[in-house]
Amino acid sequence: MLFSSHAAELWLQGTNGISWIPAVFFCVLAIPCAHLGLSWAAGVAAVLGCPSFGAALPIWFVLALIAFLRNDSRLRILIPGAVGVLVVVSWFLTKPPGRQSLATSAFEPNGRLSVFAAVLGGLWSADVAVIAGGITIAALIYIVRDANPQVSGWIALAYAVLLAGMLAMGRATDQVPGGNAGLISRNVVIGALATSALLALVTINRPRSEGWSYDEN
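Keep in mind the model is a prediction, meaning the values are calculated, not measured. (Residues numbered from 1 in each chain as written. Predicted model: local features only at pLDDT ≥ 70, side-chain atom pairs only at ≥ 80, totals over all residues. Heavy atoms only, no water.)

Asks: Got a minute to help me understand the overall build of the protein in this structure?
Replies: The number of helices and strands found in the protein is 10 helices and 0 strands. Reading the protein from its N terminus to its C terminus gives the helix and strand order α-α-α-α-α-α-α-α-α-α. Within the protein, buried positions represent 39% of all 217 residues. Expressed as a percentage of contacts within the protein between residues at least 6 apart in sequence, the contacts between residues at least 24 apart total 68%. Per element, the accessible surface of the protein, about 13,000 Å² overall, is 67% carbon and sulfur. (Helix = DSSP H or I, 4+ residues; strand = E, 2+ residues; numbered from the N terminus. Buried < 20%, exposed > 50% of the residue type's maximum accessible area, 1.4 Å probe, protein only. Contact = heavy atoms within 4.5 Å. Areas by Shrake-Rupley, 256 points an atom, 1.4 Å probe, with all protein chains shown as cover.)

Next up, the structure:
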């Protein structure tokens, strides 16, 4: 993705939108590291992701969630959570004034919910993205009710839900092709992450039959 012709063109133009790819990459790398108990490696990946793009800002809360699901020490839960608060506060105090490009400052809950769902469902079809996103969200909520340490990494991969929320808060607008910012093509990777988490969780939690057993005696 980084060295495709389109990505290379964005790098040469200095377009800041390309920098969200390494941000998401380092966040996705941090998740399995934390799942395996490699807190230091997860922290390094999160630190590398945050300067890349704002998409990495929620990763610290995700790492705290993984530590909680793994029943790690209280310190391992509190440290990434505290760092996350500091990162978000620092961003808020230093962000440029004014709104983002094409974003609306109106409340518009319907528009923001449409963007939120479309981001998570855009992998399937632009025509049914909002419906597919709603089904994805409902299915994730249903299946993570019985969370356990063994699936903490897959649950945390639903970090994509936080990214969808960030887009809904900052990029809700009808001034884009299709009238929904959630349908912008580069956002499909967010829906892919959420769908990957859902498929893995469904597979792990599927009903299992006893089947035949082998008795060497």
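Asks: Where do I start with the side chain of Asp72 in this structure?
Replies: Assignment of secondary structure puts Asp72 in the loop between α4 (59-69) and α5 (74-94). Given the relative accessible area of 16%, Asp72 is considered buried. In terms of polar contacts, Asp72 uses its side chain to reach the side chain of Arg70, at 3.1 Å. (Polar contact = N/O pair within 3.5 Å; in protein donor to acceptor, adjacent residues only side chain to side chain.)

Asks: Where do I start with the pattern of salt bridges in this structure?
Replies: A side chain of one charge can pair with a side chain of the opposite charge if their charged atoms are brought near each other. In total, this model carries 1 salt bridge according to the counting rule given. Here Arg70 ties to Asp72 by a salt bridge, and the two come within 3.1 Å at their closest N and O atoms. You can call Arg70 partly exposed: its relative accessible area is 25%. (Salt bridge = Lys/Arg side-chain N within 4 Å of Asp/Glu carboxyl O.)

Asks: What should I look at first to understand unusual backbone geometry in this one?
Replies: Most peptide bonds take the trans form, and the phi angle of most residues other than glycine is negative. One non-glycine residue, Asn71, adopts positive backbone phi at about 60°. Summarising the element assignment, Asn71 is placed in the loop between α4 and α5. What makes Asn71 exposed here is its relative accessible area of 61%.

Asks: Explanation requested: the nonpolar core in the structure shown.
Replies: The nonpolar side chains of a soluble globular protein tend to be buried with one another. Core analysis: the largest hydrophobic core is formed by 40 residues, its most contacted members being Ile31, Ile59, Leu63, Tyr159 and Ile190. Among the secondary structure elements, those contributing two or more residues to this core are α2 (20-35), α3 (39-49), α4, α6 (109-121), α9 (159-170) and α10 (188-204). With 9 residues, the top contributor of residues to this core is α2. Looking at which domains feed residues into this core, each of domain 1 (15-95) and domain 2 (104-206) gives three or more. Setting aside residues up to four positions removed in sequence, Ile31 forms contacts with Ile59, Val62, Ile66, Gly153, Ala156, Leu157 and Tyr159. (Core = buried A, V, L, I, M, F, W, Y, C linked by side-chain atoms within 4.5 Å. Domains from an automatic or database assignment.)

Asks: What is the right way to look at α5 in this model?
Replies: The α-helix winds at 3.6 residues per turn, so residues separated by three or four positions along the chain end up facing the same way. Taking 1.5 Å of rise per residue, the 21 residues of α5 would be expected to cover 30 Å, and the 30 Å separating its terminal C-alpha atoms lies within 8% of that figure. All of the buried residues in α5 are Pro80, Gly81, Gly84 and Val87. End-on, the buried residues of α5 take up no more than an arc of 120°, which puts them together on one face. Exposed side chains of α5 directed beyond 90 degrees from the buried face belong to Arg74, Leu75, Leu78, Leu86, Leu93 and Thr94. Buried residues along α5 sit in contact with α4. (Expected span 1.5 Å × (residues − 1). Arc of directions from axis to C-beta.)

Asks: Please explain the packing of aromatic side chains as it appears in this structure.
Replies: Ring pairs (aromatic) are described by centroid distance and by the angle formed between their planes. This structure, assessed with the given rule, holds 2 aromatic pairs. With a centroid separation of 5.3 Å and an interplanar angle of 65°, the aromatic rings of Phe25 and Phe26 are classed as edge-to-face. Where Trp91 meets Phe92, the ring centres are 6.3 Å apart and the plane angle is 55°; that geometry is what we call tilted. The partly exposed category is assigned to Trp91, whose relative accessible area is 42%. (Phe/Tyr/Trp six-rings, centres within 6.5 Å; stacked < 30°, edge-to-face > 60°.)

Asks: So what exactly am I meant to see when it comes to α2 here?
Replies: Here α2 contains 16 residues, and its C-alpha end-to-end distance of 23 Å stays within 8% of the 22 Å for a straight helix at 1.5 Å per residue. Regarding α2, the residues found buried are Trp20, Ile21, Pro22, Ala23, Val24, Phe26, Cys27, Ala30, Ile31, Cys33 and Ala34. Packed against the buried residues of α2 are α3, α4, α8 (152-156), α9 and α10. Immediately beyond the C-terminal end of α2, within one or two residues, lies Gly37, with a positive phi of roughly 85°.

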